[in-house]
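Understanding the architecture of this molecule
Okay, here's what each chain looks like letter by letter:
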Amino acid sequence: MSEVTINATRSQIEDFISSVLWKDMIRELSMWKSGFRREMASIVDNAADTNPSSASVLMHLGDINGRIKAVDYMLGLPEMFLQVLKAKGEDNG
């Protein structure tokens, strides 16, 4: 696994975290997660009509779970970048 390279400074990342752009991104990604959860909740109701196989239902649940985890990862990137800089003892600027 390659080492994470962060070109931004701690200050730039902190400014980004408090920016309107990041708040907009958080709101949009949170709406995605909400939609994924609604999709997950509808699987049982839809199964009565479509009669999918157990494997198909499990694959669908796994797919939704993976999407939710990807969004959570994206939401955590700025904080992870700060932690990496802290661990390296760097500020890149």
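This structure is a prediction, so every number in the text was calculated from the model and none was measured.

Looking at the nonpolar core
Counting residues in each nonpolar core, the largest one holds six residues, listed as L29, F36, I43, I64, I68 and V71. If near-sequence neighbours (up to four positions away) are discounted, F36 is found in contact with I64, R67, I68 and V71.

Some details on helix α2 (residues 20-50)
It helps to recall that an α-helix has 3.6 residues per turn; residues three or four apart then point in one direction. End to end, α2 covers 43 Å across 31 residues, agreeing with the expected 45 Å (1.5 Å per residue, within 8%). Bending of α2 peaks at approximately 40° at the position of V44. Among all positions in α2, only W22, L29, K33, F36 and I43 are buried. In this structure, the buried residues of α2 make contact with α1 (10-17) and α3 (54-88). Once α2 ends, the next one or two residues include N51, with phi positive near 50°.

Overview of the side chain of K33
Tracing the chain through its elements places K33 in helix α2. Those residues in contact with K33, other than ones at most four positions away along the chain, are I68, V71, D72 and L75.

What to know about the environment of L85
Note on placement: L85 falls in helix α3. Between the C-alpha atoms of L85 and S34, which are 51 residues apart in sequence, the distance is 31 Å.

A look at the packing of aromatic side chains
Considering all chains together, one arrives at one aromatic pair under this definition. Between F16 and W22, the aromatic rings sit 5.1 Å apart at their centres with planes inclined by 45°, giving tilted as the arrangement. Among the residues examined, W22 registers a relative accessible area of 7% and is labelled buried.

What counts, and at which threshold
- Residues numbered from 1 in each chain as written.
- Predicted model: local features only at pLDDT ≥ 70, side-chain atom pairs only at ≥ 80, totals over all residues.
- Heavy atoms only, no water.
- Core = buried A, V, L, I, M, F, W, Y, C linked by side-chain atoms within 4.5 Å.
- Buried < 20%, exposed > 50% of the residue type's maximum accessible area, 1.4 Å probe, protein only.
- Contact = heavy atoms within 4.5 Å.
- Helix = DSSP H or I, 4+ residues; strand = E, 2+ residues; numbered from the N terminus.
- Expected span 1.5 Å × (residues − 1).
- Bend = angle between axes of the 7 residues up to and from the residue.
- Phe/Tyr/Trp six-rings, centres within 6.5 Å; stacked < 30°, edge-to-face > 60°.

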